Structures are given as C-alpha cells and as structure tokens.
Amino acid sequence: MSTAGKDDHLLLVVNDKSSFDSPLLETEEKQFVRTSLKEGKTQITINQYKRMIYVQLLTPVSNDRVKSMENWRKAGAQLAGRFNAAGHQSITLVDNGNSDLLLALAEGIILSNYQFLKYKSNGKKEINSLKSISVASKKINKTEIDRLQFVTQATCKARDLVNEPQSFLNAVVFAKELQQLAKDAGFKSVVFDKKKIKSLKMGGLLSVNLGSVQPPTFTVMEYKPAKAINKKPIVLVGKGVVYDTGGMSLKPTANSMDYMKCDMAGGAVVGTAIYAAAKAKLPLYIVGLVPATDNRLDGDAYVPGDVITMMSGKTVEVLNTDAEGRLILADALHYAKRYDPELVLEFSTLTGSAAATLGPYGIVAMGNVNEELKAKLISCGDEVYERLGIMPFWDEYNDLLKSDIADLRNIGGANAGAITAGKFLENFTDYPFLHLDIAGPAFSKSNDSYRGKNGTGVGVRFLFEYFLRRAGIKKN
Ligand code: BES
Ligand code: ZN
Ligand code: ZN
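Attention in this report is confined to the structure presented alongside it. Note that the structure is predicted; figures quoted are calculated from it, not measured.

So, on to the coordination of the zinc ion (ligand 3). Protein coordination at the zinc ion (ligand 3): the donors are Lys-239 (NZ), Asp-244 (OD), Asp-263 (OD) and Glu-324 (OE), at 2.0 to 2.4 Å from the metal. One can describe the site at the zinc ion (ligand 3) as octahedral: its six donor atoms subtend angles covering 78 to 173 degrees at the metal. Taken in sequence order, the residues that donate to the zinc ion (ligand 3) follow the motif K-x4-D-x18-D-x60-E. Here the zinc ion (ligand 3) and the zinc ion (ligand 2) are spaced 3.2 Å apart, with Asp-244 acting as a shared donor. One end of the pair, Lys-239, is in the loop between strand S8 (234-238) and strand S9 (240-244); the other, Glu-324, is in the loop between strand S12 (315-317) and helix H11 (325-336), and 85 residues separate them in sequence.

Shown next, in the form of structure tokens:
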C-alpha cells in the first residue's frame, strides 16, 4: 500500500528528533510532537478519537546497519505489546525513507505477535488483537512485503513444530507436517518408511530408533523450479529427533530433558525454509532431508558399546546413546552425496557444548566451505541477527573420534564437544559442507523480544537471506 487510510491507526517513525515533519498531522499536532521530542520523549501518542497515532523516535546507530536493524526489530516487539494492549486489530507503518529499517520494524512486530495457543482451553480469550500490518510507502514494493510475509510465516511455522510436544509430534506426524508444508507451497516431498529406510541400510537412524515404539521416517523434499539458476542443488539437512531422552545413557530429568521436544528444530528449519523459498518463487534448486525418530529406552534399545554399520558402510562404536543426532544425520549426509550438491547446510540441536559456547546469542558453525562463501554466510547471519560463531575445524579433532574396534566412535571426550560432533559428521560428506549447531538459540526459556519464548525458529531467516543472495536478488 502506498498511502495511509484516514481511519487507520498509524505508526510514524522519527529518525532525527531535531527535524520532525509529517503531512499526516495538523500543525498543532506537529508542534506537540516537536516539543515532546525536545523534552526528551521517545514515544508520543496522539489520540485522534477515531484513530491513534504513535510517534516513535528511533535513531539509527551510525555506520552500523546490522545493529540498527536489530534495534528496529526489538522496537517492533515493544510496540506490538502496546498495540495489543490497546486492542488494535491493524496498524499502518508510515515509511520515513528508511525502508530496510521499516521492514525490520515490521518483522519485529510480526514475529513478536506469535502465539502458540493450541493446548490452552481458553485460548480464544488470550489471542492477540493485532491481526494485520500495512506499510504506507512509495519505496517498498509488493514483492518485498510478500517476502517478509513468507519468511515470518515460515519462522512461525517452525516455532509451531518445535513447540508441539512429542505426544502429538512423533516421527510419523512430523513427516506428515513436512509434507503438508510441501503441499501448501507447491514443492515435492516423499517420506521413506521403516521398510525403505531398512532397504537403504540407514544403520544410524535404525539404531537410534530401536528403543522407540514409533517407526522412523526420512523425509525428502525437493523444490526445483524450471527457472532455477543452480544446476547442482543446495541441500539442507535437519536433525529430526522428536524427543531425546538420551536413551540408555539417560539424561538427568530435571533440567536437561524438560525441553527435549525441541530436538527436531533443525528439521523444522529445513522444511519451513524451503516453504518460504517456494512461496516466494525463488529461482533456486533446493533439496531438504530430514531423518526423524525419538531417542528412548526400551528392551530393544541400542546400548553403549554397540557397534553399528552406517549407510556409508563405516562402522561406529556407540559409547553414548545420547550422542544420537550425529548418527541419524550421518546417514542423511551420506544420502546427500547422490545429489552432487553445490553446498550442504546442516542444522541440528546437536550439542550442549555449542549452547555452552555461545549461549543463546549465536549459531555454532563449522565446516569446509571456502573462505569467500564462509564470509558470505557470516554476513547473512549478521543481516538477520541469527549470527554464526565459526569454530576451527582442525584435522586433529578426528583423533578424538578413534575407536579401538570400529572405524569411529560417536563421542570425542570431555573437550571440544561441539567440534568433535561436527568432525564426526564430516566423515560422511564429500561436498562443501557447513554444520550449524543451533542448540543454544533454538529454544528460549525466557521471553526474548521478537524471538519470543520457547521455539524461536532460528535458522529460517538466515536461510532465506542466503537464498535471496544466492539467487542474486539481494546484494550486500
Ligand atoms: N539433543 C542433545 C543436545 C542439546 C542439548 C540440544 C541442549 C539442545 C539443548 C544431543 O543429542 C545430546 O544429548 N548431546 C550430548 C552429546 C554428548 C553425549 C557427547 C551433549 O551435548 O551432552
Ligand atoms: Zn542426545
Ligand atoms: Zn539430541
């Protein structure tokens, strides 16, 4: 939309408190805003009876686009709280010439407006009033608005999947949900059942699944538009452990198991990012692979000391059944070889060590992509504030994975846990590969601005940004 309607609640953003002007306000109103700004106020409200006008001072951090955009997103989250408290159903954001920042603000509002009320019996009462946001701008076009809509929608879908408890979202249901995304956005998907997984000899996935009542699944998604600019696909791989008890190497209950429904967050990122790409009709060939199972104990469960044969033929001595993610991912990474991918990006809540290293503030990343691509990926993370902390990936870490009786063991020992996990995975790749451990930021136990509480959907916005740049739509 290019102009604001007469009865719309408005949000006017002021970048510079010394020069406020707006054709939408009467002379006295403008004077009131100027005086208030001079007095040091940053939020000014004008009640025009039929509508409210919110004036928000937001000064960009000089020469720091990344910080400025993040500030705008956070301001969006704070404003969304005010709009909901006032019971507004819609709000129009008026562009002040800083389009990127305005879109970041809108993103903050949309993402912070997310709620997961499925299991609240009085959910209808708790639902936010805010339903729609318009942008009045001559500079921002419909495609940009559509893209923002798709990527925020995808992020919220990823959050939904993470927030779903295992009592609903077992491996079979997870695969169905991924297929639904494919149907809604118009890309292909196939779910391999246990029989097919057995015929493929996916020993990692089958072993982790031994303690489960539910069968495993392996979902293959393919978005291949006719006008794709890449011949070799970008392959995304995501960990789909729908619940991680640790198996026989059982996790202590109190703190470490409570939120382990989030252990499929990587798989959720993969499905929903392809959803966003397909909705936005990006000219990219993208494949998604999500191995899924829960990790439990049972009479038949795999035990520490077991040696298993992976799909690649390599043997692994399992010394801790809680290091299960790498086992199911190794099979998916081996499977990815058949696509001759230009790049494989793999997302997983893989290690407590990654969470301990960066906390909730970043994604622990490592791999063998060239320096130019690495820099590009880091820059994508900065742009959306899903930042990558790159770890070293030295060969010596492989020494920690040596087994006395098999080709590899599945744990490295007390040190460098996030890196040895990544190294383990690298043994099953033969292509440009980046491993992204999202154990820290995937699930937030306290309310974190527009990221919200619980599932954050981290990774979706990062991937979408990478897609836009790879497709040549965005240059940075
Ligand atoms: N799913 C966990 C990792 C995790 C921890 C995710 C915290 C989210 C928050 C993973 O399967 C796991 O248990 N990893 C072990 C590996 C260890 C046994 C080598 C860990 O990090 O303790
Ligand atoms: Zn585990
Ligand atoms: Zn796990």
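As a structural note, the neighbourhood of ligand 1 is formed by 15 residues, with Asp-244, Lys-251, Asp-322, Glu-324 and Gly-352 the closest of them. Within the side chain of Lys-239, an N or O atom sits 3.2 Å from an oxygen atom of ligand 1. Measuring from an oxygen atom of ligand 1, one finds a side-chain N or O atom of Lys-251 at 2.8 Å. Look at ligand 1: alone it shows 520 Å² of surface, and the protein chains cover 77% of it.

If you trace the five strands from one edge of the open sheet to the other, you get S2-S3-S1-S4-S5, paired in mixed fashion. Two strands in the sheet have a free side with no partner beyond their single neighbour: strand S2 (43-47) and strand S5 (132-136). Sheet twist, expressed as the mean angle between neighbouring strand axes with direction ignored, is 20 degrees. For strand S4 (residues 90-94) and S5, the ladder comprises five bridges, and the chain directions are parallel. Its bridge partner lying in S5, Val-94 is registered against Ala-136. Packing against the sheet, helix H2 (residues 65-85) makes contact with strand S1 (10-14), S2, strand S3 (52-57) and S4, and its axis sits at approximately 35 degrees to S2. Sitting on the sheet, helix H3 (residues 99-112) is in contact with S1, S4 and S5, with an inclination near 160 degrees to S4.

Our focus in this paragraph is the coordination of the zinc ion (ligand 2). Surrounding the zinc ion (ligand 2) are the protein donor atoms Asp-244 (OD), Asp-322 (O), Asp-322 (OD) and Glu-324 (OE), at 2.0 to 2.2 Å. The coordination sphere of the zinc ion (ligand 2) comprises six donor atoms, whose angles at the metal cover 70 to 167 degrees; the geometry is irregular. Sequence spacing of the donors to the zinc ion (ligand 2): D-x77-D-x1-E. When its relative accessible area of 3% is taken as the criterion, Asp-244 is described as buried.

A few words on helix H15 (residues 460-470). In terms of residue burial, H15 counts as a mostly covered element, since ten of its eleven residues are buried. All buried positions along H15 are accounted for by Val-460, Arg-461, Phe-462, Leu-463, Phe-464, Glu-465, Tyr-466, Phe-467, Leu-468 and Arg-469. Phi for Gly-472, located one or two positions after H15, is positive at around 75 degrees.

Leu-345 and Phe-467 are the most contacted members of the largest nonpolar core, which totals 63 residues. Considering each element in turn, this core owes the most residues, ten residues, to helix H10 (residues 265-279). If we ignore the near neighbours within four places in the chain, the residues touching Phe-467 are Leu-236, Ala-273, Ala-277, Leu-282, Leu-284 and Ile-286. Membership of the second largest hydrophobic core comes to 40 residues, among which are Leu-206, Val-237, Leu-289 and Leu-329.

Rules and cut-offs
Residues numbered from 1 in each chain as written. Chains lettered and ligands numbered in written order. Predicted model: local features only at pLDDT ≥ 70, side-chain atom pairs only at ≥ 80, totals over all residues. Heavy atoms only, no water. Donors = N, O, S within 2.8 Å, 3.2 Å for Na, K, Ca; no water. Tetrahedral: all angles 85-135°; square planar, octahedral: opposite > 155°, others 65-115°. Helix = DSSP H or I, 4+ residues; strand = E, 2+ residues; numbered from the N terminus. Near = heavy atom within 4 Å. Polar contact = N/O pair within 3.5 Å; in protein donor to acceptor, adjacent residues only side chain to side chain. Areas by Shrake-Rupley, 256 points an atom, 1.4 Å probe, with all protein chains shown as cover. Pairing = 2+ DSSP bridges. Axes fitted to C-alpha atoms, helices over the stretch in contact; angles between N-to-C directions. Contact = heavy atoms within 4.5 Å. Buried < 20%, exposed > 50% of the residue type's maximum accessible area, 1.4 Å probe, protein only. Core = buried A, V, L, I, M, F, W, Y, C linked by side-chain atoms within 4.5 Å.

Bear in mind that shape data such as this cannot, by itself, settle questions of function.
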